[in-house]
Amino acid sequence: MIFDILTLFPEMFRSPLEHSIVGRAVHAGLIEVNLINIRDYAVGKHLITDDYPYGGGRGMIMKAEPIICAVRAITQRDPAGHVVLLTPQGAPLEQERANQLAERSRLILVCGGYEGIDERIRDVVDEELSIGDYVLTGGELAALVVVDVVARLIPDVLGNDGASADDTFSHGLLEFPQYTRPREFEGKKVPHVLLSGDHRAIDRWRRYEALRRTLERRPDLLPKAPLSEEDVQILGELEKSSRGE
Ligand SMILES: C[S@@+](CC[C@H](N)C(=O)[O-])C[C@H]1O[C@@H](n2cnc3c(N)ncnc32)[C@H](O)[C@@H]1O
């Protein structure tokens, strides 16, 4: 997977892309991240990338032309490049959308800044994504979120195949609680079943806990989650007990 990040602040990416799992994936050649400075595509003596808004108003607007030139320089070489504009006005980035993005061979991530980008940028954009209902100062952190979320879905990036398979959202539920050593900490013990070596019992416990946790914290996820008859029965019992029945 190739990520091209179009930004006015390439330096913001260096450290996050050099460390942890994403850093290892870059070093192992499992993903490639190209940082493209939008200013390199600006024209004129002063290489201007932003200007005042037509009609007046606060702040500056990023010009469309340098970004469009930067995007075209990539898509002319590789028409498979899928152009994603990071914007609070985009579709919410959810796990399912991340799974779809991970199927692509190349993502071109466009980071806005100031008060946003000239509307005509949308001519070259395939998809608009938001990382949440809040406004960041720039698209750089949002682009890093996309790289991180998508990179961990690429085969071999997490080291052991299927490591993301039980993650929260991957089956429409929150993940079950996890424990590691010691067996007891400040009087709190690891649930006995996890020490039993009985893998069927462990799987049952984990499913039950994932359902319980999702019902408690994110009941909005349940209508879309693929549930078995047994899951539905468990949820019914959990609901009854929460009503004190
Ligand atoms: C200050 S914001 C501009 C917001 C714009 N004036 C608006 O109201 O829609 C500057 C840039 O940050 C990025 N950004 C801000 N919030 C974001 C979010 N929730 N998700 C993705 N990108 C975001 C976008 O690239 C945006 O162009």
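Given the structure is predicted, the values throughout are model-derived calculations rather than measurements.

### Remarks on the site of the ligand
Close contacts around the ligand come from 20 residues, with L86, Q89, G112, E115 and Y134 the closest. Contact distances for the ligand include 2.9 Å between a nitrogen atom and a backbone N or O atom of Y134. Protein chains shield 85% of the accessible area of the ligand, which is 590 Å² for the free molecule. At 4 residues, the largest contribution of residues to the shell around the ligand is made by strand β5 (residues 82-92). Residues belonging to the shell around the ligand are distributed by class as follows: 9 nonpolar, 10 polar and 1 charged.

### Examining the packing of helix α6 (residues 199-217) against helix α7 (residues 229-242)
The contact between α6 and α7 brings their axes to 10 Å, and the two run at 50°. Comparing their axes, α7 and α6 come out oblique. The two elements α6 and α7 meet at a crossing, and its hand is right-handed. Here R207, Y208, L211, R212 and L215 of α6 lie close against α7, whose contacting residues are D231, I234, L235, L238 and E239. Partitioned by chemical class, the residues of the contact of α6 with α7 number 6 nonpolar, no polar and 4 charged.

### Description of the packing of helix α4 (residues 95-102) against helix α5 (residues 140-151)
It is at 9 Å that the axes of α4 and α5 come closest, and there the two elements cross at 75°. Between α4 and α5, the interaxial angle falls into the category roughly perpendicular. Here α4 contributes A98, L101 and A102 to the contact with α5, which in turn contributes V146, V149 and V150.

### Comments concerning the side chain of T7
Relative to the elements of secondary structure, T7 occurs in strand β1 (residues 2-7). In terms of polar contacts, T7 uses its side chain to reach the side chain of E140, at 2.6 Å. Every residue in contact with T7, bar those within four places of it in the chain, is listed here: F13, I36, N37, I38, C111 and E140.

### Digging into the domain arrangement of the protein
Interfaces are frequently sized by the accessible area removed from exposure as the parts join. Each assigned domain of the protein is listed with its residue range as follows: domain 1 (2-151) and domain 2 (184-242). Of note, the centres of domain 1 and domain 2, computed from C-alpha atoms alone, are 39 Å apart.

### With respect to the sheet that holds β1
Strand order across the open sheet formed by 5 strands is β2-β1-β6-β5-β7, with parallel pairing between neighbours. Only two strands of the sheet have a single neighbouring strand rather than two, namely β2 (32-37) and β7 (127-130). Within the sheet, the average angular offset between the axes of one strand and its neighbour, ignoring direction, is 30°. The sheet contact formed by β1 and β2 spans 6 bridges and is parallel. Across the sheet, I5 pairs through a bridge with L35, a residue of β2.

### Digging into helix α2 (residues 20-27)
Residues V22, G23 and A25 constitute the buried set of α2. Buried residues in α2, looked at end-on, bunch into an arc of 160°, giving them a common side. In α2, the exposed positions angled more than 90 degrees off the buried face are occupied by S20, R24 and H27. The inward-facing, buried residues of α2 contact α1 (14-18) and α5. Backbone geometry just downstream of α2 places G29 in the positive-phi region, at approximately 75°.

### Overview of the pairing of β1
Looking down a regular strand, the side chains alternate between one sheet face and the other. Within β1, 5 of the 6 residues are buried, which leaves it mostly tucked inside the rest of the structure. Relative to strand β6 (residues 106-111), β1 runs parallel, the two being bridged by 5 bridges. Bridge pairing links I2 to R106 in β6.

Rules used in this analysis
Residues numbered from 1 in each chain as written. Predicted model: local features only at pLDDT ≥ 70, side-chain atom pairs only at ≥ 80, totals over all residues. Heavy atoms only, no water. Near = heavy atom within 4 Å. Polar contact = N/O pair within 3.5 Å; in protein donor to acceptor, adjacent residues only side chain to side chain. Areas by Shrake-Rupley, 256 points an atom, 1.4 Å probe, with all protein chains shown as cover. Helix = DSSP H or I, 4+ residues; strand = E, 2+ residues; numbered from the N terminus. Nonpolar A, V, L, I, M, F, W, Y, C, P; charged D, E, K, R; others polar. Axes fitted to C-alpha atoms, helices over the stretch in contact; angles between N-to-C directions. Parallel < 35°, antiparallel > 145°, perpendicular 65-115°, else oblique. Left-handed = near helix turned anticlockwise from the far one by under 90°. Contact = heavy atoms within 4.5 Å. Domains from an automatic or database assignment. Pairing = 2+ DSSP bridges. Buried < 20%, exposed > 50% of the residue type's maximum accessible area, 1.4 Å probe, protein only. Arc of directions from axis to C-beta.

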